[in-house]
Amino acid sequence: MKKVGILVHGLHLQARGWERLMWGEPPDRLGRLTKMLFVVLDEDPQRIECIVMGTGASRQSDTIEADYAKKYLQGHLGDLGQFPSLVQHPAFVRDQGAKLTELVGRMVTDTQSKNTLEAMRVAATIFAGVDVERIIQISSATHLPRCIRDCLILREKGV
């Protein structure tokens, strides 16, 4: 059984539409954070070894992007009922979301990277340390071309 690692790409905290892009628009438009939860439910949660919240150079007060996003998610787990696709998912119903809460609690936050390439390199190092064999990246449509480009750069470098 292959271990799975998930990288949720961060988003500049002053970006227009941060909440919409990260949380989503209920009832059916998932953001990066809620899409990650859906992916966890769709995968075998027992295979999810590690979730990394990527970061960038932005801060809110003294809180770096990844820590802010993780705290935001933890503070909004009680609002998942806004998204029927999540709370009606058989895996969610089966354990009432307990596995999601546990996984979010041990989500690793990247506090080092300043851009997408660095975030992917940091996540790759974290995943290698826990023997992850399959990586899933979560982002937004406008960010995906950069993710693909940077993934190819890292692949060429043997990362």
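The rules behind the values
Residues numbered from 1 in each chain as written. Predicted model: local features only at pLDDT ≥ 70, side-chain atom pairs only at ≥ 80, totals over all residues. Heavy atoms only, no water. Phe/Tyr/Trp six-rings, centres within 6.5 Å; stacked < 30°, edge-to-face > 60°. Helix = DSSP H or I, 4+ residues; strand = E, 2+ residues; numbered from the N terminus. Buried < 20%, exposed > 50% of the residue type's maximum accessible area, 1.4 Å probe, protein only.

## With respect to the packing of aromatic side chains
Here's step 1: For the structure on display, the rule yields four aromatic pairs.
Here's step 2: Look at W18 and Y72: their rings are 5.2 Å apart centre to centre, the planes differ by 85°, and that puts the pair in the edge-to-face class. Residue W18 is located in helix α1 (residues 18-22), and its partner Y72 is located in helix α3 (residues 65-76); the two are separated by 54 residues in the primary sequence. Like W18, the residue Y72 is buried in the burial classification.
Here's step 3: Centroid distance W23 to Y72: 6.1 Å. Interplanar angle 70°. Geometry classified as edge-to-face. Of the two residues, W23 is situated in the loop between α1 and β2 (24-25) and Y72 in helix α3; the sequence distance between them amounts to 49 residues. Both residues of the pair, W23 and Y72, belong to the buried class.
Here's step 4: Linked through ring pairs, W18, W23, Y68, Y72 and F83 together constitute an aromatic cluster.

## Focus on unusual backbone geometry
Here's step 1: Following P26, the chain continues into P27 via a peptide bond in cis, with omega recorded as 10°.
Here's step 2: With respect to the element layout, P27 can be found in the loop between β2 and β3 (29-30).
Here's step 3: Notably, Q96 is not glycine yet its phi reads approximately 55°, a positive angle.
Here's step 4: Tracing the backbone shows Q96 in the loop between α5 (90-95) and α6 (98-105).
Here's step 5: Among the residues examined, Q96 registers a relative accessible area of 61% and is labelled exposed.

Honestly, it's all geometry; don't read function into it.
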